[in-house]
Amino acid sequence: MDITRRSDYACRILRAVYNNEGTRISVSEIAEIEDIPYSFARGIQHDLMKSGLVKTVRGKHGGVMLNCDPQKTTLLDVLRALQGPVTIAVCSHDLEYCEKQPECAYNSVWRGADRWLNCYFGSITLKDLFALGAQHPAVRAALEGAEGCDPSSAPGDLGFFGNCKQG
């Protein structure tokens, strides 16, 4: 799983729009605040608009506003809108990709990791992320789990991820 620069910039654009508290903000202001090249920000703004995450108003007093509910929109929603499926390997979500997929032990590992990533990103709403940052409970739990990761720990001891609903 690679968070592209485009997705990183999109998250930063959403943060700037959110922090503008419901009023329009120009793409040039966002680009300056978030240190994003203006032409790149314009293209990303268009992608965010097409996905329904923001709306734009043209003209002298135009700009960008949120068009989603930050209490319900998750980081997973944003990543999917910009990058497509959140996955660490193509074979874990494209059954046609590899003919060995049905009997491949690695494929099961990749699909399990995909479920964890999707659960993690899906547990973080934009509002909570922007308000809590690194203090978000899911982020803290993931970091604490990573720091205390013990490869010899008992199977099934998944910490935060054990609470994720797999579906």
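Remember, it's a predicted structure, so these values are computed and weren't measured experimentally.

Colleague: Give me the side chain of N107: which residues, what numbers.
Modeller: Mapped onto the elements of the fold, N107 is located in helix 5 (residues 105-122). Taking relative accessible area as the criterion, N107 reaches 1% and is therefore assigned buried.

Colleague: An account of the nonpolar core is needed here, citing residue identities and associated values.
Modeller: Residues I13, L14, I30, L48, V78, Y120 and F121 are the most contacted members of the largest nonpolar core, which totals 32 residues. The set of elements that each furnish at least two residues to this core consists of helix 1 (5-19), helix 2 (27-34), helix 3 (38-50), helix 4 (75-83), helix 5 and helix 7 (137-147). Looking at this core element by element, the count peaks at 7 residues for helix 1. If sequence neighbours within four positions are ignored, L48 has contacts with A10, I13, L14, L53, V54 and L82.

Colleague: Which residues make up the packing of aromatic side chains, and what values do they have?
Modeller: Throughout the structure, instances matching the rule amount to 4 aromatic pairs. Measuring from centroid to centroid gives 5.0 Å for Y18 and F130, while their planes differ by 45 degrees, and the two rings are tilted. Of this pair, Y18 sits in helix 1 while F130 is found in helix 6 (residues 126-132), placing the two residues 112 residues apart along the sequence. F130 sits in the partly exposed class, given a relative accessible area of 22%. Relative to W110, the ring of Y106 lies with its centre 5.9 Å away and its plane at 25 degrees, an arrangement referred to as stacked.

Colleague: Help me get a handle on helix 2, residues and values and all.
Modeller: Those residues of helix 2 lying buried are V27, I30, A31 and E34. Viewed along the axis of helix 2, the buried residues span an arc of 100 degrees, placing them on a single side of the element. When the buried face of helix 2 is taken as reference, the exposed residues oriented beyond 90 degrees from it are E32 and I33. Here the buried face of helix 2 lies against helix 1, helix 3 and strand 2 (63-66). Following helix 2 by one or two positions, D35 adopts a phi angle in the positive range, close to 55 degrees.

Colleague: Tell me about a nonpolar patch on the surface, and name the residues and values.
Modeller: Taken together, the side chains of M1, I3 and I88 present a nonpolar region at the surface, about 220 Å² in accessible area. Its place among the elements puts I3 in the segment before helix 1.

Conventions we followed
- Residues numbered from 1 in each chain as written.
- Predicted model: local features only at pLDDT ≥ 70, side-chain atom pairs only at ≥ 80, totals over all residues.
- Heavy atoms only, no water.
- Helix = DSSP H or I, 4+ residues; strand = E, 2+ residues; numbered from the N terminus.
- Buried < 20%, exposed > 50% of the residue type's maximum accessible area, 1.4 Å probe, protein only.
- Core = buried A, V, L, I, M, F, W, Y, C linked by side-chain atoms within 4.5 Å.
- Contact = heavy atoms within 4.5 Å.
- Phe/Tyr/Trp six-rings, centres within 6.5 Å; stacked < 30°, edge-to-face > 60°.
- Arc of directions from axis to C-beta.
- Patch = residues over 30% accessible without salt bridge, like charges linked within 9 Å, V, L, I, M, F, W, Y side chains within 5 Å.
- Areas by Shrake-Rupley, 256 points an atom, 1.4 Å probe, with all protein chains shown as cover.
- Salt bridge = Lys/Arg side-chain N within 4 Å of Asp/Glu carboxyl O.

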